[in-house]
Amino acid sequence: MSDNVFHAAPSVVIAYQSGFGHTAVLAEAVAAGARATGAVVTPIRLGDLTDDDWQTLDAADAIIFGTATYMGNVSAGFQMFAEQTGRRCQQGTWGDKVAAGFTNSGSKSGDKLNSLVSLAIFAAQHHMHWVNLGLGPGWNHSAASESDLNRLGFWLGAAAATDVDANPDEVHPSDVATCEHLGRRVAEVTQQLVAGRAAAQAITEAVTAGA
Ligand SMILES: Cc1cc2nc3c(=O)[nH]c(=O)nc-3n(C[C@H](O)[C@H](O)[C@H](O)COP(=O)(O)O)c2cc1C
């Protein structure tokens, strides 16, 4: 059994939409967290995707979806991307990849849970494995503060709030750290899944050879 079976670096793509640059800052944080685990990370800002972008998405072990919340849901830009994946959805091209999501809105709530739900349903339609945030809620008791990780208290994915008149470099540090956490967690789960599949395959081959 090759050493590489257990040490292959997973490929993680971050497919995100950002109209004014806030969600883009969070995408960079997700990327940094994933890279810290040794994963091969490719951020793709949604818009006019090239053939290379689609190939990178198709080859990924994990895709982390990100979108600004507009009108209480994923942005039109994100939804356009989602609808462009219809054929891949029918053909199962992304089936059994790992998925996760993050979003950003102006208000502390801003109905952005709805965006995370939309991202999770999109992943489910592709038969992907959704990874949750994996953090308890922060900033929810008297000794807590808005500097806590997961300060807005989400479970399904990472959620951030950025004042609508803030510059991108003013995205809240806690939200940046929460997104780094998500990237790290998804990369680690993907590494476990990739190694587990390789090990299962190797065991099956060894058993078959010995039979
Ligand atoms: C068309 C539009 C709709 C929006 N709808 C919401 C909303 O439903 N809830 C909210 O809290 N913020 C809403 N916002 C604010 C954005 O979510 C916020 O400015 C966010 O930081 C934008 O992220 P971006 O810079 O990545 O585009 C909306 C902004 C726009 C332009």
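Residues numbered from 1 in each chain as written. Predicted model: local features only at pLDDT ≥ 70, side-chain atom pairs only at ≥ 80, totals over all residues.

K.L.:
I keep staring at the overall build of the protein chain and nothing clicks. Help me out?
P.N.:
Along its length, the protein chain carries seven helices and seven strands. Along the protein chain, from the amino end to the carboxyl end, the secondary structure elements read α-β-α-β-α-β-β-α-α-β-α-β-β-α. Over its C-alpha trace the protein chain gives a radius of gyration of 18 Å, about what one expects of a compact globule, namely 17 Å for 211 residues. Its C-alpha atoms give the protein chain principal-axis dimensions of roughly 65 × 40 × 25 Å. Here the protein chain, with 211 residues, has 40% of them falling under the buried criterion. Residue pairs in contact within the protein chain that sit at least 24 positions apart in sequence constitute 77% of those at least 6 positions apart. (Helix = DSSP H or I, 4+ residues; strand = E, 2+ residues; numbered from the N terminus. Rg over C-alpha atoms; globule rule 2.2 N^0.38 Å. Buried ≥ 20, exposed ≤ 12 C-beta atoms within 10 Å, placed from the backbone. Contact = placed C-beta atoms within 7 Å.)

K.L.:
Is there a simple way to explain the UniProt feature "domain: Flavodoxin-like" (unreviewed entry) in the protein chain in this structure?
P.N.:
Using the residue numbers shown here, the UniProt feature "domain: Flavodoxin-like" (unreviewed entry) corresponds to residues 12-160. Between the C-alpha atoms that bound residues 12-160 there is a distance of 21 Å. The span itself is 34% helix and 23% strand. (UniProt positions renumbered as here; feature names shortened; annotations may be inferred.)

K.L.:
Can you help me understand the site of the ligand in this one?
P.N.:
Taken together, 19 residues lie near the ligand, and G19, F20, T23, S105 and G110 sit nearest. For the shell around the ligand, the secondary structure elements donating two or more residues are helix 2 (22-35), strand 3 (62-70) and strand 5 (98-105). If one sorts the elements of the shell around the ligand by residue count, strand 3 sits on top with three residues. (Near = placed C-beta within 6 Å.)

K.L.:
Sorry, what's going on with the environment of M80 here?
P.N.:
Considering the arrangement of structural elements, one finds M80 in helix 4 (residues 76-84). Between the alpha carbons of M80 and A15 there is a distance of 13 Å; along the sequence they are 65 residues apart.

K.L.:
Help me out: how do you make sense of unusual backbone geometry in this one?
P.N.:
For residues that are not glycine, phi is negative in most cases, and the peptide bond is trans in most cases. For D111, which is not a glycine, the phi torsion comes out positive at approximately 60°. Within the secondary structure, D111 sits in the loop between strand 5 and helix 6 (113-125). For D111, a count of 12 C-beta atoms within 10 Å puts it in the exposed group. Of note, the phi angle at N150 is positive, near 50°, even though the residue is not glycine. Residue placement: N150 occurs in the loop between strand 6 (129-130) and strand 7 (158-161). Residue classification places N150 among the buried residues on the basis of 23 C-beta atoms within 10 Å.

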